[in-house]
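Analysis of the macromolecular model
Given next are the chains, with one letter for each unit.
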Amino acid sequence: VQNQIAAHQTNINNLQRAWDVSQRSSREDWDEWLRRFSVQLLREAPSPALRACAELAQAYQPLARELFSAAFACCWVELDDHY
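Definitions and cut-offs
- Residues numbered from 1 in each chain as written.
- Predicted model: local features only at pLDDT ≥ 70, side-chain atom pairs only at ≥ 80, totals over all residues.
- Heavy atoms only, no water.
- Core = buried A, V, L, I, M, F, W, Y, C linked by side-chain atoms within 4.5 Å.
- Buried < 20%, exposed > 50% of the residue type's maximum accessible area, 1.4 Å probe, protein only.
- Helix = DSSP H or I, 4+ residues; strand = E, 2+ residues; numbered from the N terminus.
- Contact = heavy atoms within 4.5 Å.
- Patch = residues over 30% accessible without salt bridge, like charges linked within 9 Å, V, L, I, M, F, W, Y side chains within 5 Å.
- Areas by Shrake-Rupley, 256 points an atom, 1.4 Å probe, with all protein chains shown as cover.
- Salt bridge = Lys/Arg side-chain N within 4 Å of Asp/Glu carboxyl O.
- Polar contact = N/O pair within 3.5 Å; in protein donor to acceptor, adjacent residues only side chain to side chain.
- Expected span 1.5 Å × (residues − 1).
- Axes fitted to C-alpha atoms, helices over the stretch in contact; angles between N-to-C directions.
- Parallel < 35°, antiparallel > 145°, perpendicular 65-115°, else oblique.
- Nonpolar A, V, L, I, M, F, W, Y, C, P; charged D, E, K, R; others polar.

In terms of nonpolar packing, the biggest core is built from 18 residues, with Leu-41, Leu-42 and Leu-50 touching the most fellow members. Every element with two or more residues in this core is listed here: α2 (12-19), α3 (27-44), α5 (54-59) and α6 (61-76). Excluding residues that lie within four positions of it along the chain, Leu-41 makes contacts with Leu-15, Phe-68, Ala-71, Phe-72 and Cys-75.

As structure tokens, this is what we get:
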């Protein structure tokens, strides 16, 4: 298990696709974007604990909303300066 934890690499391309906000206009569009972005942050987070929550957060939106800040902060530190 330890090797799997150490081997995880945040996939920046997946995050870039998730944070794309083109063609968002209605409140429903933005709500769906935030839901998908939250789950993708959890999937790409370097923290194994956060990644373990991704599937449940996809099914239970309040969990994704609750973990958004932690997942965002974890992924943010993985980004290069030009992002």
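Read on for the rest.
Our focus in this paragraph is a nonpolar patch on the surface. A cluster of nonpolar residues, Phe-72, Trp-76 and Val-77, forms a patch on the protein surface that exposes about 340 Å² of accessible area. Locating Trp-76 in the fold gives a position in helix α6.

As a further point, take the side chain of Thr-10. You can see Thr-10 is positioned in the loop between α1 (2-7) and α2. For Thr-10, a relative accessible area of 13% puts it in the buried group. At 3.0 Å, the side chain of Thr-10 forms a polar contact with the backbone oxygen of Glu-44. With near-sequence residues (within four places) excluded, Thr-10 lies in contact with Leu-15, Glu-44, Pro-46 and Glu-78.

This brings us to α3. In a regular helix each residue adds 1.5 Å, so 18 residues correspond to 26 Å; α3 covers 26 Å between its end C-alpha atoms and thus fits that length. Every buried residue of α3 is accounted for by Trp-33, Phe-37, Ser-38, Val-39, Gln-40, Leu-41, Leu-42 and Glu-44. Next to the buried residues of α3 lie α2, α4 (48-52), α5 and α6.

Here the focus is the packing of α2 against α3. For the pair α2 and α3, the least separation of the axes is 9 Å and the interaxial angle reads 170°. As the angle between them shows, α2 and α3 are arranged roughly antiparallel. Contact with α2, carried on its side by Asn-14, Leu-15, Ala-18 and Trp-19, involves Trp-33, Phe-37, Gln-40, Leu-41 and Glu-44 of α3 and no other residues of that element. Its residues assigned to classes, the contact of α2 with α3 shows six nonpolar, two polar and one charged.

Taken by themselves, the reported measurements are silent on function.
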